[in-house]
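Notes for the structure review
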Amino acid sequence: MSASIYTYTSSAFASMIQEKLGKGRELALRAYRIYYREQRVISCDEVEEKQRPLLSKILDELNISPPSEVSSAGEDPNCAQAEKVLFTHADGLETESVVIPMKFGNTLCVSSQVGCKKGCAFCETGRMGLIRDLSVEEIVYQVFAMRAMGIEISNLVFMGMGEPFDNYENVVAAIGVLVDSNGLSVAPRRITVSTSGVVDKIYAFCRDVPRTVRLAISINAPNDQVRMKVMPVTRQWGMGEIKEALSAYQEMTGQEVLIEYVLLKGVTDRLEDAQELAEYLRGLDVKVNLIPYNPQSRPRFEAPEREQVGAFSRFMQEAGYLTFVRESRGEKKMAACGQLGNLELRRRILKEKKAASDMIAADMT
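Here is a short report on the structure shown in this document. These figures come from a predicted structure and were not determined experimentally. (Residues numbered from 1 in each chain as written. Predicted model: local features only at pLDDT ≥ 70, side-chain atom pairs only at ≥ 80, totals over all residues. Heavy atoms only, no water.)

**Re helix α11 (residues 306-318)**
Note the following rule: Numbering of helices and strands runs from the N terminus, with a helix taken as a DSSP run of H or I at least four residues long and a strand as a DSSP run of E at least two residues long. Multiplying one less than the number of residues by 1.5 Å gives the expected span of a helix. Only protein chains enter the accessibility calculation, which uses a 1.4 Å probe; a residue whose area is less than 20% of its type maximum is buried, one above 50% is exposed, and one in between is partly exposed. Contacts between residues were defined by any pair of non-hydrogen atoms, one from each residue, lying within 4.5 Å.
Helix length check: α11, at 13 residues, gives a terminal C-alpha distance of 18 Å against a target of 18 Å (1.5 Å per residue), a fit within 8%. Taken residue by residue, α11 has Val309, Ala311, Phe312, Ser313 and Met316 as its buried positions. Looking at the buried positions of α11, the neighbouring elements they touch are β12 (257-263), α10 (271-280), β13 (286-292) and β14 (322-325). Of the residues flanking the end of α11, it is Gly320, one or two places downstream, whose phi is positive at about 105°.

**Quick notes on the pairing of strand β4 (residues 83-89)**
Condition: At least two DSSP bridges between two strands are required for those strands to pair.
The buried count for β4 comes to five of seven residues, which makes it a mostly enclosed element. Pairing analysis gives five bridges linking strand β3 (residues 68-72) to β4, with the strands arranged antiparallel. Residue pairing across strands places Ser68 opposite His89, the latter belonging to β4. Sheet topology places β4 next to strand β5 (residues 94-102); six bridges connect them, and they run antiparallel. Bridged to Val85 within β5 is Ser97. Taking the residues that link successive antiparallel strands as the turn, the β4-β5 hairpin has four residues, and the phi of Gly92 there is positive, at about 90°.

**Focus on the sheet that holds strand β9 (residues 153-158)**
To keep it simple, the criterion reads: Axes here mean lines fitted to C-alpha atoms, for a helix over just the part in contact, with angles spanning 0 to 180 degrees between N-to-C directions.
Reading across from one edge, β3-β4-β5-β6-β9-β10-β11-β12-β13-β14 is the order of the ten strands in this open sheet, with mixed pairing throughout. One side of each edge strand has no neighbouring strand; the edge strands of this open sheet are β3 and β14. Averaged over neighbouring strand pairs, the angle between their axes works out to 25° when direction is ignored. By the bridge criterion, four bridges tie strand β11 (residues 214-218) to β12 in an arrangement that is parallel. What sits directly across from Leu215, in β12, is Val257. Strands in contact with helix α7 (residues 199-208) are β10 (191-195) and β11; relative to β11, the strand with the most contacts, it is inclined by about 170°. Contacts from helix α9 (residues 239-253) reach β11 and β12, with the element oriented near 170° to β11.

Below is the structure:
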């Protein structure tokens, strides 16, 4: 069976070819580079005549079939505003990614799962529940597809659908492909992986990816009591355990951590919340990203008042933290932070499972 180009680093692909054919390592690397850098398959006309039979065998081992179909939900080919991109996978399931125009280039918000099991109360994806993990090729293809569409991507953030650390092995393997200098060649420092606080994987993350890959933590509350109400993951790992893991991460990597904090009116946006958050972060090297709540399809919270957002931000800055307020991008298209998801897909799958269960029960009677 031919191997999907989107699952291999260049060295792994070349080694596979060498093992299968007994030769062809350098030619395999050349084919890999051309495909990723120019989005095309190397032609036999580009190699010496004596190499053409070997190249044909290499190409027989190379599966470039896209694992997903791509369609844009918007009408903005130049990505002047945030654009949601829909990926329909081979099994008919869907995920969403978002292209976000920034001051220094486009950022792609990458998904790692269909749905998510964390159940964060402010997140549309969390209301879907977890349907399945994305494969390595489905993750990598999100980036490749943008390049193939002529959309240059400067930064990648694993902040789309899913909890990246619940699909840890595939996410780490995908990062290996993304940073490969013979392939997409994304600089590790331009990749950020966001987690809700899966503590054991934070420790593993220090060892398993290049040290300049950035880590972001969704804290979203000033203490465990409030966090428990909006992020059920707190039952497994409290904020104290998260802080210990972040301290270890910074000791091992020397990297700053991005703190993500969703402002929910009357829940997490008060000045006393800011005071607790500032005290909690004491001793860590962090940058704070404040995210005013973006309504879901059935909103559970209210967005904070603009004045309250400003007061919270000023307090954090005066407390000594570099603090930014994330502007809402794509809210009307349900493309903003916390809005990715498809509840109809969840209902359809549950309906199909029930129908299959009923059929089995009928056959047994």
